[in-house]
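# Overview (structure and organization)
The lines below spell out each chain.
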Amino acid sequence: MSVSKNKDIVIDAVITWVDGSDVKHQEKMRPYFTGTNVWSNKKFKTRFDQVNEIEIAVKSIIKFAPYIQNIFIVTDNQTPPFLEKYNKQKTASQPTITIIDHTIIFAEFDSLLPVFNCRPIETLSYKIPKLSEHFIYFNDDFSLLKKTTPSDFFVDGNPVLRGEWKRLDEHIFHKQLINSVLKLLGKETRDKKYGYKRGQQNAARALGFDKYFKLDHTPAPIRKSSLKNYFESNPDMQEKNIRHRFRNPEQYVLQSLANHIEIKKGTAVLKEDYQLIYIGGSHSKPLYWYKKMMNRSENDDSKLFLCMQSLDLCPKNKLDLLFDWLQKRLKIDNLNF
């Protein structure tokens, strides 16, 4: 058993993952759309498509977070291609990787399946069997860049939260003005659209904050008991987030909810530096920009995390450059997968 020296707490990792190119997955999704071909919408499609980022995420945890005991990959009847080979090669000191199907965490809510929305899946992640009290949540496009220690995520058992305080949109004049103009024009206002920032603000509002602690695309340390206790006392908040098959503007970001729960209890360590290298979006930046980001990550010891979003939209020359660089950084002597 690999145990952290941070007061001997055990730390697990949870990663949500979907292979949107899987024809069976697409067929499962198809009945819930009418009169539109969502697979022609790049913004929608990129939420599900992947280029095996999950393998990079797992390798980075094995190499740069050796204190992680278990890695749980939460999926919908899918298995990453590398897993069989990993299980044959792994040593006793390396983490156990377990596939957790949606049916397991949705056992009490099976009528809500299938779900194609990460928010409900994240919300029920605390129901993973044998999940440790302290765990780190990763999206499949997150990875570690350098050696980390348990205290990068938990100090005396309390989660280290990276972010900065920001005003809620209703307290920002120009945002309210834009919404008023959109209403006059008969157009959809911004508060009717789901967004990552809005999902965080929804979490802060639900807990009575008049501002929010803005997170970014970094791994999120979470205490299982904090979620379990909160949802037992506020079942309506759990139900609100898990009832939508697709993203909805009333939903909140689970990691942000967990953060604000800990802040409200005074059981969080706040850190203003995200320690993040972010690559993603439209991938319209020139090749030299990608090389600059790589050099920056090599030379700046404070950068612990990497997020590479929408790699399915990345041109081949840039994708090859990124993968060649990462394969060299993440080479593990006894593993070849």
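All values reported here derive from a predicted model rather than from experimental measurement. (Residues numbered from 1 in each chain as written. Predicted model: local features only at pLDDT ≥ 70, side-chain atom pairs only at ≥ 80, totals over all residues. Heavy atoms only, no water.)

Bringing the packing of aromatic side chains into the picture now. For the structure shown, the criterion picks out eight aromatic pairs. Measuring from centroid to centroid gives 5.3 Å for Trp165 and Phe213, while their planes differ by 65 degrees, and the two rings are edge-to-face. Residue Trp165 is located in strand β8 (residues 164–167), and its partner Phe213 is located in strand β9 (residues 211–214); the two are separated by 48 residues in the primary sequence. The exposure class of Trp165 is partly exposed, given its relative accessible area of 32%. Note on Phe213: relative accessible area 2%, which makes it buried. Arranged with centres 5.3 Å apart and planes meeting at 85 degrees, the rings of Trp289 and Tyr290 form a pair that is edge-to-face. Among the aromatic side chains, those forming a connected cluster through ring pairs are Tyr32, Phe116 and Phe246. Directly above the ring of Phe153 sits Arg162, whose terminal nitrogen or CZ lies 6.0 Å from the centroid. Sitting above the plane of the Trp289 ring, Lys285 keeps its charged end 5.0 Å from the centroid. (Phe/Tyr/Trp six-rings, centres within 6.5 Å; stacked < 30°, edge-to-face > 60°. Helix = DSSP H or I, 4+ residues; strand = E, 2+ residues; numbered from the N terminus. Buried < 20%, exposed > 50% of the residue type's maximum accessible area, 1.4 Å probe, protein only. Lys NZ or Arg CZ within 6 Å of the ring centre and 35° of its normal.)

On to the side chain of Gln238, then. Following the sequence through the fold, Gln238 ends up in helix α10 (residues 235–242). Classification of Gln238 as buried rests on a relative accessible area of 8%. Look past the residues within four positions of Gln238 in its chain and what remains in contact with it is Phe109, Thr123, Leu124, Tyr126, Lys127, Phe231 and Tyr252. (Contact = heavy atoms within 4.5 Å.)

Take the side chain of His217 next. One can find His217 in the loop between β9 and β10 (220–223). Aside from chain neighbours lying at most four places away, what touches His217 is Phe142, Tyr196, Leu276, Tyr278, Cys307 and Gln309.

Another aspect to go through is helix α11 (residues 254–265). With twelve residues, α11 extends 17 Å from end C-alpha to end C-alpha; this agrees with the ideal 16 Å at 1.5 Å per step. Buried residues dominate α11, accounting for ten of its twelve residues. Where α11 is concerned, the buried positions are Leu254, Gln255, Ser256, Leu257, Ala258, Asn259, His260, Ile261, Glu262 and Ile263. Just beyond α11, the residue with positive phi is Gly266, at close to 75 degrees. (Expected span 1.5 Å × (residues − 1).)

Turning next to the pattern of salt bridges. Counted by the stated rule, this structure contains 15 salt bridges. Two residues, Lys28 and Asp76, come together in a salt bridge whose shortest N-O distance is 3.0 Å. Here Lys28, found in helix α1 (residues 23–29), pairs with Asp76, found in the loop between β2 (68–75) and α4 (83–89); they are 48 residues apart in sequence, far enough to count as distant. For Lys28, a relative accessible area of 32% gives the class partly exposed. Note that Glu239 is salt-bridged to Arg243, the shortest N-O span being 2.8 Å. (Salt bridge = Lys/Arg side-chain N within 4 Å of Asp/Glu carboxyl O.)

The two faces of β10 match: Ala220 and Ile222 on one face and Pro221 and Arg223 on the other face are all buried. By the bridge criterion, four bridges tie strand β4 (residues 134–139) to β10 in an arrangement that is antiparallel. Within β10, the residue paired with Tyr137 across the bridge is Ala220. (Pairing = 2+ DSSP bridges.)

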